[in-house]
2 protein chains.
Amino acid sequence: MSEVTPNGNMKILKLPTIKRLPTYLHILKRLEKEGNEYVSTTALINELDFKPILVRKDLVLMGIPGKPRMGYFLKDMISAIENYLGWNKTDEAFLIGAGSLGQALLGHKPFEENGLKIVAGFDIDPKKIGTEIHGKRIFPLSKLSEMVKRMGIRVGIITVPWQEAQDVADILVESGIWGIWNFSMVELKTPPDIVCHNESLSSGLAVFSVKMGKMRDQH
Amino acid sequence: MSEVTPNGNMKILKLPTIKRLPTYLHILKRLEKEGNEYVSTTALINELDFKPILVRKDLVLMGIPGKPRMGYFLKDMISAIENYLGWNKTDEAFLIGAGSLGQALLGHKPFEENGLKIVAGFDIDPKKIGTEIHGKRIFPLSKLSEMVKRMGIRVGIITVPWQEAQDVADILVESGIWGIWNFSMVELKTPPDIVCHNESLSSGLAVFSVKMGKMRDQH
C-alpha cells in the first residue's frame, strides 16, 4: 500500500476504511455527474449510512485538503481513492467455474470500470465450452495453465464448487498467477507470496441473520 | 443477539467473529461427515487460515466446553453456531431483480441450508415474468407489495440496478418486511426498525485490489 498518492496524501488505511472506499467513490462520482465540483463534509455525511464520526475520520485518513466554506474538490477525492485502490490500472483476470455465480461475475460491469478485466472463463462442462457468456469466451479447464502463462494473466477468480477449488488454485499458482479471488466456500492453501482473498456470501448472510434474529426477538 | 443458546453459552459476539462463524460451521460439518465426533483446537487451527490466537479467542467466546484430551464435541459446536445464527429457523424471502446476480442468488443452494429460503423472484422484464429460474417463479414487480402482505414474507433481497433500489426498498418497507439484504450499489434509506444489510462486491474488490497493488510494488 503506497503512503502517498499523486492527488492526495493517503495514510496506510485499515481494512474497514478500505471497505468503505468504494461507497465514497460511488457517491462522489454521482455528485460529480450531477454537476457538482465540491462536496462538504456535512453533505457527504447526509448521503451515507456510516456514522458521522467515521466519515470524518476517513476523510482525515484520505488526507485530501478541503477548502474553507467550499468543501472537498470532487476530482481530487475521486482520483486519490482510485489511485489508492489501483482502480486506474487494469488487471486482466481469468474466471474459473462458469456456473450461476461465475456467469453473474462475468457480466458484472463495475469490475471493468474498477480495474479488473475478466478476459475469459473456464469450465469442464462441454455444453459451456466454446460458448460466450456476457461476451466472454469459455475455454476448457485443461487449457487454463497454458493460457495463464502465454497471456501473462495475473488474477484468477475461482467460482467452482468447493470440492474443486483447491485443485484449481494449485493450477493457477503453478502457472504463475499473482492473485486469487476465491468465491468458493473453502479456505485455500496458497504460498505466502500469492494474494488470496476469500469472498464469502455466507459471512454476509451470517451478519444479516444475526441482525434478523435480534429483530425477531423484538416481535 | 441472544446471550445463551441451548447448546452453548455464547457471549455477544462482535462482527468479525460473526463473519468467521460460517467458516467454522463449514469445517465442523465436513469433519462430522468424515466420521469424526470430536475436534481438537490444534486440528481446527490447521484447517483454517485464521491466526491461531484468533481461533482460540473465538472458541472461548463460543463458550462450548471442551473435554480434556478429546477436544470439542462436534455436534454441540455445530448446534451452538447454528442456534446463534438462527440458521436452524427458516426465513422466507423474495428476491427483486432477476438479472445475472439475482439469478445466481436464486440458484445459490447454501442459502436454503442456512435458514434463508427464497420462494419467488420479481422483475419488470416481460420475458422473465412467468418463467422459472432455478425452480423459482418470477412475478411482475407490480405484484410485490400484495404478495409480501398476503404471504407474510419477512425478507427482501434486492438485486435491481442501483437506480431502482430505493423504490423497491420503499415498497418492501411499506408492505411490512422486516429485513432487507441489499446487493445494489446504493446505500438505502430505511426506518430504524428495519434490518438493512448492504452486501457489496466492491468492498471485496477494494480489499483484493489493495493487496494486489502491494504485490505489484514488490515485483
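Residues numbered from 1 in each chain as written. Chains lettered and ligands numbered in written order. Predicted model: local features only at pLDDT ≥ 70, side-chain atom pairs only at ≥ 80, totals over all residues. Heavy atoms only, no water.

On to the relation of the copies chain B and chain A. The two copies are related by a screw operation: chain B maps onto chain A through 180 degrees of rotation and 0.0 Å of translation along the axis, at an RMSD of 0.1 Å. The symmetry that links the two subunits is that of a two-fold axis. By C-alpha distance to the rotation axis, the residue of chain B lying nearest is A104 of chain B, at 3.2 Å. (Least-squares fit on C-alpha atoms with pLDDT ≥ 70 in both.)

A few words on the pairing of strand 3 (residues 91–96) of chain A. Residue and element names in this part refer to chain A. Counting buried positions along strand 3 gives five out of six residues, so the element sits mostly inside the fold. Here strand 3 pairs with strand 4 (residues 116–123) via six bridges, running parallel. Looking across to strand 4, one finds that D91 is bridged to L116. Of the pairings in the sheet, the one linking strand 3 to strand 7 (residues 155–158) comprises four bridges and is parallel in character. Directly across from A93, in strand 7, lies its bridge partner V155. (Buried < 20%, exposed > 50% of the residue type's maximum accessible area, 1.4 Å probe, protein only. Helix = DSSP H or I, 4+ residues; strand = E, 2+ residues; numbered from the N terminus. Pairing = 2+ DSSP bridges.)

All right, on to the sheet that holds strand 6 (residues 136–140) of chain A then. Pairing in this open sheet of seven strands is mixed, and the strands run 5-6-4-3-7-8-9 (chain A) from one edge to the other. Since the sheet does not close on itself, it has two edges, and those belong to strand 5 (132–133) and strand 9 (195–198) of chain A, each with one partner.

This part is about the sheet that holds strand 7 (residues 155–158) of chain B. Residues and elements named next belong to chain B. One open sheet holds the seven strands; their spatial order is 5-6-4-3-7-8-9, and the pairing between them is mixed. One side of each edge strand has no neighbouring strand; the edge strands of this open sheet are strand 5 (132–133) and strand 9 (195–198). Pairing analysis gives two bridges linking strand 5 to strand 6 (residues 136–140), with the strands arranged antiparallel. Residue pairing in the sheet places I133 in a bridge with K136 of strand 6. Packed onto the sheet, helix 7 (residues 144–151) meets strand 3 (91–96), strand 4 (116–123) and strand 6 and runs at close to 175 degrees relative to strand 3. Contacts between helix 8 (residues 162–174) and the sheet are confined to strand 3, strand 7 and strand 8 (179–182), with strand 7 contributing the most and set at about 175 degrees to the helix. (Contact = heavy atoms within 4.5 Å. Axes fitted to C-alpha atoms, helices over the stretch in contact; angles between N-to-C directions.)

As a further point, take the confidence of the model for chain A. Predicted coordinates in regions of low pLDDT should not be interpreted in detail. Residues and elements named next belong to chain A. Taken residue by residue, chain A gives an average pLDDT of 87. The fraction at 70 or more is 94%. Of the regions scoring below 50 in pLDDT, residues 1–7 engages in 23 contacts with residues more than four places distant in sequence or in other chains. Our summary of model confidence lists the complex with pTM equal to 0.68 and ipTM equal to 0.82. (pLDDT = per-residue confidence, 0-100.)

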